[in-house]
Amino acid sequence: MTTVNALMKLKGRRALITGAGGGLGRIMTQTLAELGADLVLLDRSDTSLASLADETKITWDVDVRVCHCDLESQGEREALNIKLLQEGQLDILINNAAFVGTSGLQGWGVPFEQQSIDTWRRALEVNLTAAFHLCQGLAPLLRASGRGSIINIGSIYGEFGPDWELYEGTTMSNPAAYGASKGGLLQLTRWLATTMSPAVRVNAISPGGIARGQAQEFVKRYEMRTPLRRMATEDDFRGAVAFLATDMSAYVTGQNLSIDGGWGVW
């Protein structure tokens, strides 16, 4: 009989986490390291990953490497794929990095009629095209693993339209490109699940809103719109990542696991 403890072990496996410097990326790093996985942490060149890597190595006694790559650049993605193929092992790929823009980015957090084609293209390049490119380029390693697992990080807005009443009186936004790119990522997950089977499992996690100091009026409205009556914290995603990365989900592929406090049931 296989024990649950044995199914959860990732000793001897290697995972690549994109967007590792963000809140979810850090939680994923700590979670997979606790389960024994060696890690490649990836983020943009202006994101420091050294302290996260050092802390993870010391705490969990795993190998941690840091890579910097602008996922908006096809050339940098190609170089990353070549480098990892040369290193020769990858068992888990988590496409977590996302283009979320800022309120100061031209053509982003503005009314629909003012949203620009340029920011649309940038969002799709990072949120969808980069995930496709990494999955395609690293497929030989994931297939060779024998236990390959891809986890794409989607969003509730890849499934549902925004409720604009939540945003009234705030400077927050919900650009079309974000939802469209995340919706595309969820469909790519299903497409890859049938295409890369049986060697590689491909699943997605769709987070709901995560508490990150949003305007109080938004938070109150969001909580009332959610059955569990709160926004998520990064810790809420540990179990989902552990489940999909390990043999706990050995017979699960093509699925989207919503971590949304019940948002999608209404």
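Note that the structure is predicted; figures quoted are calculated from it, not measured.

Visitor: Looking at this structure, how should I read the overall build of the protein?
Guide: If you tally the helices and strands in the protein, you get eight helices and seven strands. Its C-alpha atoms give the protein principal-axis dimensions of about 50 × 45 × 40 Å. Partitioning the contacts of the protein with sequence separation of at least 6, the portion at a separation of at least 24 is 75%. Taken as a whole, the protein presents about 12,600 Å² of accessible surface, with 54% of it coming from carbon and sulfur. When the 24 basic and 28 acidic side-chain charges of the protein are each reduced to a single mean position, those positions are 4 Å apart.

Visitor: Can you walk me through the packing of aromatic side chains in this structure?
Guide: Each aromatic ring pair is characterised by the separation of its centres together with the angle its planes make. This model, assessed by the stated rule, comprises six aromatic pairs. Ring geometry for tyrosine 222 versus tryptophan 263: centroids 4.7 Å apart, planes at 20 degrees, classification stacked. Residue tyrosine 222 is located in helix α7 (residues 216-224), and its partner tryptophan 263 is located in the segment after β7 (256-259); the two are separated by 41 residues in the primary sequence. By relative accessible area, tyrosine 222 is classed as buried at 2%. Joined through ring pairs, the aromatic side chains of Tyr157, Trp164, Tyr167, Phe218, Tyr222 and Trp263 make up one cluster.

Visitor: Honestly, the environment of arginine 65 in this entry has me stumped. Any pointers?
Guide: For arginine 65, the position within the fold is in strand β3 (residues 64-68). Note on arginine 65: relative accessible area 24%, which makes it partly exposed. Taking the C-alpha atoms as reference points, arginine 65 and aspartate 38, 27 residues apart in sequence, are found 8.4 Å from one another. Among all residues touching arginine 65, those that are not within four sequence positions of it are Arg14, Leu39, Val40, Leu41, Lys83 and Glu87. Polar side-chain contacts of arginine 65 include one of 3.0 Å to the side chain of glutamate 87.

Visitor: It is not clear to me how α7 should be interpreted in this structure. Could you clarify?
Guide: Residues spaced three or four apart along an α-helix face the same direction, because each turn holds 3.6 residues. Taken together, the buried positions of α7 are occupied by Phe218, Val219 and Tyr222. Projected down its long axis, α7 carries its buried residues within an arc of 100 degrees, all on one side. Across α7 from its buried face, at more than 90 degrees, point the exposed residues Lys220 and Met224.

Visitor: Please clarify how the nonpolar core should be interpreted in this entry.
Guide: A general trend in soluble globular proteins is that nonpolar side chains are found buried together. Counting 31 residues, the largest nonpolar core has Ile17, Leu32, Leu39, Leu41, Ile94 and Ile205 as its most contacted members. For this core, the secondary structure elements donating two or more residues are β1 (14-18), α2 (23-34), β2 (38-43), α3 (50-60), β4 (92-95), β5 (148-153) and α8 (238-245). Excluding its chain neighbours within four sequence positions, the residues that come into contact with isoleucine 94 are Leu16, Ile17, Thr18, Met28, Leu32, Ile151, Ile153 and Val241.

Reading the values: the criteria
- Residues numbered from 1 in each chain as written.
- Predicted model: local features only at pLDDT ≥ 70, side-chain atom pairs only at ≥ 80, totals over all residues.
- Heavy atoms only, no water.
- Helix = DSSP H or I, 4+ residues; strand = E, 2+ residues; numbered from the N terminus.
- Contact = heavy atoms within 4.5 Å.
- Areas by Shrake-Rupley, 256 points an atom, 1.4 Å probe, with all protein chains shown as cover.
- Lys, Arg positive; Asp, Glu negative; His and termini not counted.
- Charge placed at Lys NZ, Arg CZ, Asp CG, Glu CD.
- Phe/Tyr/Trp six-rings, centres within 6.5 Å; stacked < 30°, edge-to-face > 60°.
- Buried < 20%, exposed > 50% of the residue type's maximum accessible area, 1.4 Å probe, protein only.
- Polar contact = N/O pair within 3.5 Å; in protein donor to acceptor, adjacent residues only side chain to side chain.
- Arc of directions from axis to C-beta.
- Core = buried A, V, L, I, M, F, W, Y, C linked by side-chain atoms within 4.5 Å.

Spatial relationships are all this shows, so hold off on functional conclusions.
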